[in-house]
Amino acid sequence: MSDKTTSKGWFRSALSKLNRVMSEDMSEYDEDADYDTRVKLPEWQLAALKKRKRDQKCQQK
C-alpha cells in the first residue's frame, strides 16, 4: 500500500513540475498594449496597430 502512495506522490510531483515548465510566460505582458507584444507580427500589421493606438490616445486628450 505504501508503494501506491509513493508512486502517486511522485506522479503528482512530476505533473506539477511539468505544468510549471509548460505554463505560459507572462513576464513580457503589457496590460496597456492594444496587442500581444509576445507575438511576432508582420511589420505592416504592427504599424497599423501602433497607428490605431496613437490615434486613440490623441482622441482621448
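The structure we're discussing is the one just above.
Small disclaimer: the values here were computed from a predicted structure and weren't measured. (Residues numbered from 1 in each chain as written. Predicted model: local features only at pLDDT ≥ 70, side-chain atom pairs only at ≥ 80, totals over all residues. Heavy atoms only, no water.)

### Considering the overall build of the protein
Item 1. Looking only at helices and strands, the protein features 2 helices and 0 strands.
Item 2. Looking at the protein as a whole, 3% of its 61 residues qualify as buried.
Item 3. When the accessible surface of the protein is split by element, carbon and sulfur atoms take 54% of a total near 6100 Å². (Helix = DSSP H or I, 4+ residues; strand = E, 2+ residues; numbered from the N terminus. Buried < 20%, exposed > 50% of the residue type's maximum accessible area, 1.4 Å probe, protein only. Areas by Shrake-Rupley, 256 points an atom, 1.4 Å probe, with all protein chains shown as cover.)

### Topic: the pattern of salt bridges
Item 1. By the definition in use, this model includes 1 salt bridge.
Item 2. The shortest N-O distance in the salt bridge between Lys-51 and Asp-55 comes to 3.1 Å. Residue Lys-51 and its partner Asp-55 are both found in helix α2 (residues 43-60); the two are separated by 4 residues, about one turn of the helix.
Item 3. For Lys-51, a relative accessible area of 45% corresponds to the partly exposed category.
Item 4. Residue Asp-55 is classed as partly exposed on the basis of its relative accessible area, which comes to 35%. (Salt bridge = Lys/Arg side-chain N within 4 Å of Asp/Glu carboxyl O.)

### Describing a nonpolar patch on the surface
Item 1. On the surface, Trp-10, Phe-11, Leu-15, Leu-18, Val-21 and Met-22 cluster together into a nonpolar patch covering about 720 Å² of accessible area.
Item 2. Within the fold, Met-22 resides in helix α1 (residues 2-22). (Patch = residues over 30% accessible without salt bridge, like charges linked within 9 Å, V, L, I, M, F, W, Y side chains within 5 Å.)

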